[in-house]
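Residue strings, one per chain:
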Amino acid sequence: MTSAIAPEQLLHHRSFRLFWLASVASTIALQMQIVAVGWQVYQLTHSPFDLGIVGLVQFIPSLFLVFVVGHVADRHDRRQVARFSILVEAIAAGLLAAGSLGGWLTKEAIFAIVFVIGAGRAFSKPTMSAMLPTLMQPSLLPRAVAGSASATQVAIIIGPAIGGFLYVAGPSAVYITSCILFVLCSVLVSMIKVETPPAKRENATLKSVFAGIAYIRSKPAIFGAISLDLFAVLLGGATALLPVYAHDILHTNSVGLGLLRSAPAVGALSVAIFLARNPLKGRIGRTMFIAVGIFGLATIVFGLSQSFVVSLLALVVLGASDMISVVVRSTFVQLETPDEMRGRVSAVNSVFIGTSNQLGEFESGLTAAWFGAVPAVLIGGIGTLVVVALWIRLFPQLFHVDRLVDNTSKK
């Protein structure tokens, strides 16, 4: 173990540094793809509904693979699972590049390839999440989660901006760069050394496959934290409509779209860096609810804005408030879950939260097709505030959680 490592020296921890760099590489690649796919689909169809379909086809694999993913992550070397699933994402990026260069990339082909990306992501994201607590001692996990989140936010700032600029040279330039970054990520993951001894792996049974769901249901506070973020992201999916806002409301181009995509990460990164050095010490449940409420308010401001600057600022606040919720929830769930269950719980968590981004994109695209882009965003923001009020009443245990404490040794 690495008990001698001080919190401020977290990036000097070799395995965490490799994990951090791998997260940066894969997230930059993914964010570049998101910008390129969104702009390309909207240029092909000019349909908000088709933008929603992009989110839906990414969500479907995670939904159907959730139990397989969790069991694989708990029974096999998580590094190898993550490495091979990231290579699948690299192959999909290569297909997008080939289709763009060859001129055969229709919207249906994009949907099919995005489905493959969703399948790879269904394995890589929860597996990487379950791997993080095995790299260091539990006392460093809150800082490690914030540090890992900062990696994601750095990439979300850089990725869309790079994607927007590269798109000027054509979508194939974006996809080729994404492919290279995914391959780099796979190499970095293979170099990570897991320091926590592997937990005893139970035999595969129907009960063990569904154990992640059973565990979450047995813990009201965990279920409340996961489901709160699920509905907040599902309803507050304003970023799915950024191509519409950029093109039709704010009257900007692909570079402007990249900046809008990056704006939430600017706020999120600032908060992540602060929390990596200054972890929350008390009333974390109440803090998380307040943060989600601010997320809803920022969504409403963005929905009403017709100014590029105001829209950017609203997205910065949206990202900052979301990061507080992410760090609290992620650390809380990991510390409450024993290692032999982390793969399955992380897989379910990924469906509830990570893939709710894609389902939220579909919901936003659908409501925008029905009511228009602005009403769709406003409905999402107001709905988020309603969920916050309702969840405080339904999950008082979560609201009253005071501190992040490692409870896995007690189980």
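Engineer: Can you break down the overall build of the chain residue by residue, with the values?
Structural biologist: When you go through the chain residue by residue, the secondary structure sums to 17 helices and 0 strands. Across the 411 residues of the chain, 58% fall into the buried class. Of the contacts made within the chain by residues no fewer than 6 positions apart, 89% connect residues no fewer than 24 positions apart.

Engineer: Account for a nonpolar patch on the surface, naming residues and giving values.
Structural biologist: A cluster of nonpolar side chains, namely V88, F115 and V116, defines an oily patch on the protein surface of about 210 Å² accessible area. With respect to the secondary-structure elements, V116 resides in helix α4 (residues 107–131).

Engineer: For the pattern of salt bridges, give the residues involved together with the corresponding values.
Structural biologist: The full count for this structure, using the stated rule, is 1 salt bridge. Across the pair R121 and E89 runs a salt bridge whose closest N-O atoms are separated by 3.9 Å. In this pair, R121 is assigned in helix α4 and E89 in helix α3 (residues 78–102), connecting sequence segments 32 residues apart. Residue classification places R121 among the partly exposed positions, given a relative accessible area of 22%.

Engineer: Which residues make up helix α1 (residues 14–45), and what are the values?
Structural biologist: Given a rise of 1.5 Å per residue, 32 residues ought to cover 46 Å, and the 46 Å separating the end C-alpha atoms of α1 matches this to within 8%. With 25 of 32 residues buried, α1 lies mostly within the body of the structure.

Engineer: Residue-level account of the packing of aromatic side chains, with values.
Structural biologist: If you walk through the whole model with that rule in mind, you get 2 aromatic pairs. Summarising the aromatic geometry, the rings of F289 and F399 are spaced 5.7 Å apart at their centres and angled 50° between planes, so their arrangement reads as tilted. In this pair, F289 sits in helix α12 (residues 284–304) while F399 sits in helix α17 (residues 396–399), placing the two residues 110 residues apart along the sequence. For F399, a relative accessible area of 19% gives the class buried. Relative to F395, the ring of W391 has its centre 5.8 Å away and its plane inclined at 45°; by these criteria the two rings are tilted. Each member of the pair, W391 as well as F395, is classed as buried. Across the ring face of F84, the terminal group of R83 is positioned such that the distance to the ring centre comes to 4.5 Å.

Engineer: Talk me through the nonpolar core; I want residue IDs and the actual numbers.
Structural biologist: By size, the foremost hydrophobic cluster in this structure holds 69 residues, and its most contacted members are V37, M131, V189, L241 and F302. By residue number, the principal contributor to this core is α1, which donates 17 residues. Membership of the second largest hydrophobic core comes to 21 residues, among which are A221, L228, F332 and V333.

Engineer: Kindly report on the environment of L304, identifying the contributing residues and their values.
Structural biologist: The topology assignment puts L304 in helix α12. Looking at L304, the relative accessible area reads 56%, which means it is exposed. Sequence spacing of L304 and L378 is 74 residues, and the spatial spacing of their C-alpha atoms is 7.6 Å.

Engineer: Residues and numbers for the packing of α1 against helix α11 (residues 254–277), please.
Structural biologist: Put simply, α1 and α11 touch, their axes get as near as 11 Å, and they point 135° apart. Here α1 is positioned oblique relative to α11, judged by the angle of their axes. With respect to the hand of their crossing, α1 and α11 are arranged in right-handed fashion. The residues of α11 that touch α1, namely those facing I34, V35 and W39, are S254, L257 and R261. Residues of the contact of α1 with α11, tallied by class, amount to 4 nonpolar, 1 polar and 1 charged.

Engineer: Residue-level account of the confidence of the model for the chain, with values.
Structural biologist: Taken as a whole, the chain shows an average pLDDT of 77; of its residues, 78% reach a score of 70 or greater. The secondary-structure element of the chain with the lowest mean pLDDT is helix α7 (residues 206–209), recorded at 50, while helix α6 (residues 171–190) shows the highest, at 91. Contacts of residues 1–7 to residues separated by more than four positions or lying in other chains number 13 contacts, the stretch itself having pLDDT below 50.

Engineer: Pulling in residues and values, what's your account of the environment of W39?
Structural biologist: On the secondary structure map, W39 appears in helix α1. Its relative accessible area of 9% is what places W39 among the buried residues. Between the alpha carbons of W39 and G164 there is a distance of 9.1 Å; along the sequence they are 125 residues apart. The residues touching W39, leaving out its near neighbours within four places in the chain, are Y167, A246, H247, T252, N253, S254 and L257.

Engineer: I'd like a rundown of the packing of α3 against α4, residues and numbers included.
Structural biologist: Where α3 contacts α4, the two axes come as close as 8 Å, and the packing angle between them is 155°. By the angle class used here, α3 and α4 are roughly antiparallel. In the crossing of α3 with α4, the sense of the turn from one axis to the other is left-handed. Here R78, R79, V81, A82, S85, I86, V88, E89, A92, L95 and L96 of α3 lie close against α4, whose contacting residues are I113, V116, I117, G120, R121, F123, S124, T127, M128, A130 and M131. Per-class residue counts for the contact of α3 with α4 are 14 nonpolar, 4 polar and 4 charged.

Rules and cut-offs
- Residues numbered from 1 in each chain as written.
- Predicted model: local features only at pLDDT ≥ 70, side-chain atom pairs only at ≥ 80, totals over all residues.
- Heavy atoms only, no water.
- Helix = DSSP H or I, 4+ residues; strand = E, 2+ residues; numbered from the N terminus.
- Buried < 20%, exposed > 50% of the residue type's maximum accessible area, 1.4 Å probe, protein only.
- Contact = heavy atoms within 4.5 Å.
- Patch = residues over 30% accessible without salt bridge, like charges linked within 9 Å, V, L, I, M, F, W, Y side chains within 5 Å.
- Areas by Shrake-Rupley, 256 points an atom, 1.4 Å probe, with all protein chains shown as cover.
- Salt bridge = Lys/Arg side-chain N within 4 Å of Asp/Glu carboxyl O.
- Expected span 1.5 Å × (residues − 1).
- Phe/Tyr/Trp six-rings, centres within 6.5 Å; stacked < 30°, edge-to-face > 60°.
- Lys NZ or Arg CZ within 6 Å of the ring centre and 35° of its normal.
- Core = buried A, V, L, I, M, F, W, Y, C linked by side-chain atoms within 4.5 Å.
- Axes fitted to C-alpha atoms, helices over the stretch in contact; angles between N-to-C directions.
- Parallel < 35°, antiparallel > 145°, perpendicular 65-115°, else oblique.
- Left-handed = near helix turned anticlockwise from the far one by under 90°.
- Nonpolar A, V, L, I, M, F, W, Y, C, P; charged D, E, K, R; others polar.
- pLDDT = per-residue confidence, 0-100.

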